Every structure is written in C-alpha cells, then in structure tokens.
There are 2 protein chains.
Amino acid sequence: MRILLVEDDQRIRQDVTTALEAAGFVIDAEANGEEGWFLGDTETYAAAVLDLGLPGMDGLSVLKRWRAEGRDFPVLVLTARGAWAERVEGIDAGADDYLPKPFRMEELIARLRAIIRRSGGQASPVVTVGETELDTRQMRLTVRGVPVSLSPQEYRLVAYLMLHKGRVVPQQELSEHLQSVHFERESNAVEVLVGRVRRKLPTALIETRRGFGYIVNEPDGTS
Amino acid sequence: MRILLVEDDQRIRQDVTTALEAAGFVIDAEANGEEGWFLGDTETYAAAVLDLGLPGMDGLSVLKRWRAEGRDFPVLVLTARGAWAERVEGIDAGADDYLPKPFRMEELIARLRAIIRRSGGQASPVVTVGETELDTRQMRLTVRGVPVSLSPQEYRLVAYLMLHKGRVVPQQELSEHLQSVHFERESNAVEVLVGRVRRKLPTALIETRRGFGYIVNEPDGTS
DNA sequence: TCGGGTCTGTCAGCGTTTTGTCATTTTCGA
DNA sequence: TCGAAAATGACAAAACGCTGACAGACCCGA
C-alpha cells in the first residue's frame, strides 16, 4: 500500500513517515510541492497526504492539478487548526478528508485507512509472498499459516522487504530504516540480521543480490 | 453498548452522557461535527445521538455522509422544538427517530433503546474472545461465565484492547487512551496495569509484542 | 471528621530477550 | 583462482517488560 506524503516540515515529514511505515504503509515522502505533484502524477498511490503550505507549488494547486488531470486517488489534507477557509477551498479542490495540525499519529492512520477503504481500494494490511504472509495489523508473519516469532528488528526487516517486494533494497537503505541513528558502514548488522531471519524462515524468502542488496520476490517472479 | 453522542452544547452533552452511562451505555461524546463524523465513520457504534446545529459540519451533513458511505447504525436526531423542516430533511437524510428539545432523559433513553432494538441484533454490545466476554452494556468482563472484578482503569484497558482485537496496540496509544494527558516513556504504568489485569484473568488474553505493544487475539489466531 | 479500604502511579530489582560487534569462514563473480 | 562481499558463531552490553513493595489520592461508611 503506497502512500505519497507531501510535507515541507522536515520534522513532521520524518515523524509521519516513520509512523505510517510502522503501520504497514510504504511511503514516498516529498518536501517540495512541484516534486510532489510530479510523483502523484506519474506514480500510482493508494492515497496521498498533502500539506497545504508548500514551497514550489502550494498544496491546493497540487491537488487541483491532480484532479484536473483525472488523478482520483484519495487525498488527506493537513491544515492549520481553525483554517476554515482552507478547508472550504480544499473541498472544492477535491480533498477527501482533513486533519488539523497538530494531530495524533493514530488519528492520521485511522483517517488514512478510512479514505482508502472508502475509495474502494481495500486497506488490506496483509502482504503475501508465496507461502509467507505478513499481517501488518497483527504485526505477525506466518508461513503456511504457522506464525513465526520475530524480534522487533527482525520483523521490521522482513516487513520492509516484503512491502517493497520485487525491488532490490540496498543494505544502506535497510540500515537507515532499521536504526534511528544508522550505524557506520563498518558494521555488518544488517547481514547478521538477515542471517537471523533466514534461520527462522524455512523459505528462501530473502534473496541476496551480491553487491547491491536484498530482495524479496514472488517464487515464480522474474527479476 | 457503545453510543456516539454529537452535541455541541456543553451542558446537554454532559447531562446526556451522564444519564446514558447510568443507563449502562458506553458513550463517546463529541462536540464538533467533523470529529463526530469521523468517529462514526471509523468506530463501531450501536447507535448515534446527533444534534443538528453543530460547529464544523452540521448534523444533517454528518448524517448524509454516514449514509452515503454505508454506515447504517441507527441515528436519533435531536431537533429544536417545532423545527419541522429539519425533521423532513432528517428523514431524507436517513435518521431513525427524532427528539425535540428540550426532552426528558427517560424519553431519550427509551427511544434510543427502541431504535437499537429495531435495528435488529446489530452492533452487539458483547465482544467475545475465546472464553472471555466483554459486555460493554453492563461494563462487565466474564471468563467462562464467571464475572471478573476489575477496577475502572483495568476495565478500560481490557475494553480498549478487546474492542481493537486483532491489532497490535502500542503502549503509547494505551496510555493516551487510559485517561489523562500524562504519557512519558519514563512511566511503566501501562506495564503495571497489564500485570494487574493478567493476574485477574487466568487466560493468556493479552499478548505482549515486545518492542511494539499489546494485542488481544482469537485463540486460533485467525483473522 | 476520622479510619479503613481501594485504586493508581512510581520505583527499583530481576530475568530474559535482543542486538551490535568481532573474528572467522564461506560464497560468489570476474 | 583471487578478492571482495556475505554468512556465521560467539559474546557482552543494552533494552525491555514483569513483579513486588510502597505511598499518595480518593472514596465511603461510621
């Protein structure tokens, strides 16, 4: 479930990204309005979270332009508290829901799920690869229906790879996502982690792309 | 039996909340129309009591929006005395019953019970997980039919987890929901509370997901 | 108003799990 | 075949959650 996040405030962007990823979404985060518009125009998202005050191109214009071009994914707009004028404009521009800042992450997630569900796209929190199933709601991984017990770090690794299945994920990207303070490139923590996970998964789920990173793929998938 | 109350008048909201709670309902009270709409859209209620004159989003719009999205819990609308036009609109919007202000609490409760009964066994007031049963109407928890005595705080914890069964609930979310605005990672209040509840429940009802939070699940883990 | 009981948060201690590092071996690709 | 990249096993420190004890707040009846 890919989500586009367009928000210029570095701090909020980071927090939201982290929270949404923890909730099982895959996030493309963008600070600049124009860049955000471009992504929304060219990529496919389940939904977008859009801040209105943006550099480059303001949020309302981004939204209007998407709608004018027929992009119909649901959009959740972040507004300053009490900015009713903005809301009204947003409605006209085609927003699906609003969230006044500041907000609780929990509420953002709930609303996002709501608009995704409403848009028909099922907000299914389950990702399946072969016989392995990841349930992001229960934060549980099952192989052939049998739950696998994973440590937090191990879970995050598998979840990240599965949510990005079909794509080679560089080690660096992994360590950045697994650690708040990502360790030096003198560390082989990721390799160790992958090893530990593999020992728990009888499957050859995680493939090594020597020199590039790791990838999770459908068994028959070609890539 | 959870009821959503959307009413901007502080006084009425308080009175109704108190009366309904005394009558055995669990109330989510909300003053703002938009917030109320959101709750009705994302949570599960046995019924809603909806005032028409609301800030944020007026009651009729809230109701229409719920119905447009397929939310079909019964709605009792509060109208100003003699405002017949409102009633007609309400009918079209999908209200189930009306109550002109001012009203007696007994009448509100009676009508509420009526529309809930009429709506047929929907929105069961009871959540069951394995042999554990949570009766939100009586605010009682029973294990194999035997009532368990819980303190208010303990009840809230179990109720929240059971109402969100199948989902990992972070500790932070729990402490936010369990009352006051004090939530620091420097406190282990939630852990203590969970411990206390567990001692009273012979069941392995509440599972710990180390590093993530707690979850209540069906014993067979299907979802 | 007093006294006992309950509720709830804090604290410190404890055992377990987790996790990064290191040294070493294995594997893979050119 | 060689060298770099990745995997592995062992280890120790850190993180995490559980528990029992305790104290202040609160409630209720006498």
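Residues numbered from 1 in each chain as written. Chains lettered and ligands numbered in written order. Predicted model: local features only at pLDDT ≥ 70, side-chain atom pairs only at ≥ 80, totals over all residues. Heavy atoms only, no water.

1. What about helix α8 (residues 189-200) of chain A?
An α-helical turn contains 3.6 residues, so any two residues separated by three or four positions project in the same direction.
Step number 1: Helix length check: α8 of chain A (12 residues) gives 17 Å between terminal C-alpha atoms against 16 Å at 1.5 Å per residue, within 8%.
Step number 2: Next to the buried residues of α8 of chain A lie α6 (152-163), α7 (171-178), β10 (206-209) and β11 (213-216) of chain A. (Helix = DSSP H or I, 4+ residues; strand = E, 2+ residues; numbered from the N terminus. Expected span 1.5 Å × (residues − 1). Contact = heavy atoms within 4.5 Å.)

2. Section: the protein's contact with DNA strand C
Step number 1: The environment of DNA strand C is made up of 18 residues, and the closest members are Ser151, Ser187 and Arg210 of chain A together with Ser151 and Arg196 of chain B.
Step number 2: Among the atoms of DNA strand C lying within 4 Å of the protein, the sugar-phosphate backbone contributes 47%.
Step number 3: Ser151 of chain A is positioned with one of its side-chain polar atoms (N or O) 2.3 Å from a phosphate oxygen of DNA strand C.
Step number 4: In the environment of DNA strand C, a base oxygen lies 2.5 Å from a nitrogen or oxygen atom belonging to the side chain of Arg196 of chain B.
Step number 5: For the surface near DNA strand C, the secondary structure elements donating two or more residues are α6 and α8 of chain A together with α6 (152-163) and α8 (189-200) of chain B.
Step number 6: Of the residues in the surface near DNA strand C, the class split is five nonpolar, nine polar and four charged. (Near = heavy atom within 4 Å. Polar contact = N/O pair within 3.5 Å; in protein donor to acceptor, adjacent residues only side chain to side chain. Nonpolar A, V, L, I, M, F, W, Y, C, P; charged D, E, K, R; others polar.)

3. A short note on the interface of chain B and chain A
Step number 1: Between chain B and chain A, the contact holds 27 residues from the first and 21 residues from the second.
Step number 2: Overall, the association of chain B and chain A removes approximately 1,900 Å² of surface from exposure, summing both partners, and the carbon and sulfur fraction of that is 45%.
Step number 3: In terms of surface lost to chain A, no three residues of chain B exceed Glu34, Phe38 and Phe212 of chain B, which account for 28% of the buried area on that side.
Step number 4: Here chain B and chain A share one salt bridge between them.
Step number 5: The shortest N-O distance in the salt bridge between Arg111 of chain A and Glu35 of chain B comes to 3.7 Å.
Step number 6: At the surface where chain B touches chain A, the tally comes to four residue pairs in polar contact (both at pLDDT 80 or more).
Step number 7: Contributing elements (two or more residues each) for the side of chain B that touches chain A: α2 (33-42), α7 (171-177) and β11 (206-209) of chain B.
Step number 8: Ranked by residue count, the leading element in the side of chain B that touches chain A is α2 of chain B, at six residues. (Buried area = accessible area lost by both parts, 1.4 Å probe. Salt bridge = Lys/Arg side-chain N within 4 Å of Asp/Glu carboxyl O.)

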